[in-house]
Amino acid sequence: MKKYITPAIDRDQQTLLRETLEESLPDGHPVRSLDFIIEHFDFEKWECEYAGGGRPAYTPQDMCKLLIYGSMVGINSSRKLEYACMNNRDFIWLLRGLAPDHDTIASFRKKYKPRFKEMFKESVRVGIEAGIISMRRIAIDGSRVLSNSARRGTADKEKIERLLENIDSKIEKILADAASEDRIEDDLFGTGESPNILSGELADAKKRKELLEKALERVLKKAERAEREGKPSENKRVPLTDPDSDVMKCKDGGFAPNYNVHIAVDCESGMIVANGVDDEHRDVEHLEKLCEESMATTGKEIEQVLADSDYTSTENLEYLDDRGIDACMPPYQTSERKREKKKPPWPDGVPRVGASVDGDLIDGPGLPLNANGQFDKSAFRYDKGINCYICPMGHKLRKYTNRKRRRKHPKIQYSYKCGECNNCQFKPLCAPGGHNRSISRNADAHVHERHALRMKDSQMKEMYKLRARTVEPVFGIIKEAHRLRRFLTRGMESVKAEWAIASTAINIRKLINNIDFVAVAKPN
């Protein structure tokens, strides 16, 4: 009995019957479904940009199939795609033996950058026509993807200015050397016209100068924005090789040049219905954009939005309320779990008391304390009718001042102060210092209080759990299965095209899992 399997075919053996490309792949292979889906995309606008003449071009359908399927299987670089077209059976079947070189693939991706967003919308349209996208409920989230820039390749204003001085000196030296060489050649060969072509060294220096000027412009804008928001404006740094990205905090620790990417996912189908890329550090600005884009792309209205606390803001809550969309997101800065961990124990020898509606003290488990060991703000009751707070002893904290908070979106904040603290037995727990107790309240606090009351409902809490099961796995698939933890291209427009390809690949994957295309894609 043989211990190992004998190879089925000898490499030198001649075969009479060769299998066809169609027979080389099993019926259920996902590349069949991808081919069938993309054949139904509308490429009319792409084809209008093909000038014709010269060598025949690869069709936009074939090139898009290559890029999307490459993303699905984690092959994104143009050189690896070129290798796959010549050696991988699924790629050979998909392109019917065509093998574009890496330069052709990279040039196509660069030339048609604005079109990839339209291709993404085509994938959403297929999901609508197939009836699997309902838009009843969408989940929104953001993540960070590393830019094609070194972690240490950043500079502040002073360093960029020094580099610009050095590059100017280098350009002047190159031009002086070129002029000197031209004079020597004119003396030897006579004067005459020469082609106006920059030397490679001079072209690289001027390109480097353009990047540095763009980086300097970016760092000045960052400093100006920080100053408007009341934050430190010194030592702002930007990446030098990709100034369109920004230095952001990484989840694995430290800081690095990143892009902030966003998606809106239909909860029933798991398909991405809107996406975006920018260099902003905060996610809160993108909820309205994603909602509007998803409704414009699908032609359907949203019933409910699921998002984490990064998107909870007055502007977003008011927008969703005006559009009649149910907001399911944690209340702003009210993490009960974190507060419970920071809550100090109730002091020994102090009676555990609670406040009734009329302010009289009653027996209870103890009024809530904050992290500083003082009565928490939640122990005070706000009376909207007389615009004041009522302390647990029934004393009134009246409004005495208001100020504007310096942030990106300035907000009015009111302050309330009690005048009866000196004679109160709970002053050590309420206002231990020499001052009376004061409480601040934002002018838009009623918006967040109304939302916090809605989110106390058990059904809303259960519904919010759906967000983690819907949108977060999509980022996991893109970063792990699609291997997009770092963008391959540089510049905002190129990165947007790369993100649109990854989003389309996700939608194709979801379409294949939700609909059986095999019977249609496999010919008789």
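Conventions used here
Residues numbered from 1 in each chain as written. Predicted model: local features only at pLDDT ≥ 70, side-chain atom pairs only at ≥ 80, totals over all residues. Heavy atoms only, no water. Helix = DSSP H or I, 4+ residues; strand = E, 2+ residues; numbered from the N terminus. Buried < 20%, exposed > 50% of the residue type's maximum accessible area, 1.4 Å probe, protein only. Contact = heavy atoms within 4.5 Å. Areas by Shrake-Rupley, 256 points an atom, 1.4 Å probe, with all protein chains shown as cover. Patch = residues over 30% accessible without salt bridge, like charges linked within 9 Å, V, L, I, M, F, W, Y side chains within 5 Å. Salt bridge = Lys/Arg side-chain N within 4 Å of Asp/Glu carboxyl O. Lys, Arg positive; Asp, Glu negative; His and termini not counted. Charge placed at Lys NZ, Arg CZ, Asp CG, Glu CD. Phe/Tyr/Trp six-rings, centres within 6.5 Å; stacked < 30°, edge-to-face > 60°. Arc of directions from axis to C-beta. Core = buried A, V, L, I, M, F, W, Y, C linked by side-chain atoms within 4.5 Å. Axes fitted to C-alpha atoms, helices over the stretch in contact; angles between N-to-C directions. Parallel < 35°, antiparallel > 145°, perpendicular 65-115°, else oblique. Left-handed = near helix turned anticlockwise from the far one by under 90°. Nonpolar A, V, L, I, M, F, W, Y, C, P; charged D, E, K, R; others polar. Pairing = 2+ DSSP bridges. pLDDT = per-residue confidence, 0-100.

A. Spotlight on the overall build of the chain. Counting secondary structure elements, the chain contains 19 helices and 15 strands. For the chain, with 524 residues in total, the buried portion stands at 43%. Here the analysis covers contacts within the chain between residues at least 6 apart in sequence; of these, 68% occur between residues at least 24 apart. Approximately 30400 Å² of the chain is accessible, and the part contributed by carbon and sulfur atoms is 49%.

B. A look at unusual backbone geometry. One non-glycine residue with positive phi stands out, namely Asn-387, at about 55 degrees. Its place among the elements puts Asn-387 in the loop between β11 (381-383) and β12 (388-390). By relative accessible area, Asn-387 is classed as partly exposed at 29%.

C. Representation of a negative patch on the surface. Taken together, the side chains of Glu-315, Glu-318, Asp-321 and Asp-322 make up a negatively charged region of the molecular surface. Judged by its relative accessible area of 37%, Glu-318 is partly exposed.

D. Region of the structure containing the packing of aromatic side chains. Counted according to the given criterion, the structure contains 13 aromatic pairs. With a centroid separation of 5.5 Å and 65 degrees between ring planes, the pair formed by Phe-43 and Trp-46 is classed as edge-to-face. Each of the two residues, Phe-43 as well as Trp-46, counts as buried. Aromatic pair Tyr-382 and Tyr-416: ring centres 6.3 Å apart, planes at 75 degrees, arrangement edge-to-face.

E. Here's a closer look at the pattern of salt bridges. Counted under the stated rule, the structure contains 20 salt bridges. For Arg-485, the salt bridge goes to Glu-480, with nearest N and O atoms at 2.4 Å. It is possible to trace a salt-bridge network through shared partners that takes in Asp-35, Glu-39 and Lys-65.

F. Spatial organisation of helix α15 (residues 445-455). Of the residues making up α15, those classed as buried are Ala-445, Val-447, His-448, His-451 and Met-455. Seen along its axis, α15 keeps its buried residues to an arc of 155 degrees; they face one direction. Check the buried side of α15 and you find it contacts α12 (314-322), β8 (326-328), β15 (438-442) and α16 (458-470).

G. Spotlight on the nonpolar core. In this structure, Phe-116, Ile-140, Leu-287, Cys-291 and Trp-499 are the most contacted members of the largest nonpolar core, which totals 87 residues. The element that contributes the greatest number of residues to this core is helix α18 (residues 492-514), accounting for 12 residues. Not counting residues within four places of it along the chain, the set of residues in contact with Ile-140 comprises Ile-263, Ala-264, Leu-287, Leu-290, Cys-291, Val-305, Leu-306, Ala-307, Asp-308, Tyr-311 and Val-471. Counting residues in each nonpolar core, the second largest holds 15 residues, with Phe-375, Leu-397, Cys-418 and Ile-439 among its members.

H. Main features of the packing of α12 against α15. Two elements in contact, α12 and α15, have axes separated by 10 Å at closest approach and are oriented at 65 degrees. Viewed along their axes, α12 and α15 adopt a mutual orientation that is roughly perpendicular. Note on packing geometry: the crossing formed by α12 with α15 is left-handed. The segment α12 lies against α15, with Thr-314, Leu-317 and Glu-318 engaging Val-447, His-448 and His-451. Here the residues of the contact of α12 with α15 are counted per class, giving 2 nonpolar, 3 polar and 1 charged.

I. Summary view of the environment of Pro-392. You can see Pro-392 is positioned in the loop between β12 and β13 (396-405). Sequence-wise, Pro-392 and Phe-426 are 34 residues apart; in three dimensions their C-alpha atoms are separated by 9.4 Å.

J. Main features of the side chain of Lys-427. Looking at where Lys-427 falls in the secondary structure, it is placed in helix α14 (residues 427-430). Despite its burial, Lys-427 pairs with no opposite charge, the nearest such side chain being Glu-420 at 13 Å. When neighbours within four sequence positions are excluded, Lys-427 is seen to be in contact with Cys-421, Asn-422, Pro-432, Gly-433 and His-435.

K. View of the pairing of strand β1 (residues 137-146). Among the 10 residues that make up β1, 8 are buried, leaving the element largely enclosed by the rest of the structure. Sheet topology note: the β1/strand β5 (residues 255-266) ladder contains 9 bridges and is antiparallel. Counterpart to Ile-140 in the pairing with β5 is Ala-264.

L. Spatial organisation of the environment of Tyr-112. Within the fold, Tyr-112 resides in the loop between α7 (102-111) and α8 (115-129). Contact partners of Tyr-112, with chain neighbours within four places excluded, come to Trp-46, Glu-49 and Tyr-50.

M. Just the confidence of the model for the chain, in detail. Here the chain averages 79 in pLDDT, and 71% of its residues register 70 or above. pLDDT under 50 marks residues 187-191. Its contacts with residues more than four places away, or in other chains, come to 2 contacts. Across residues 193-198, confidence stays below pLDDT 50; counting only partners more than four residues off in sequence or on other chains, it has 2 contacts.

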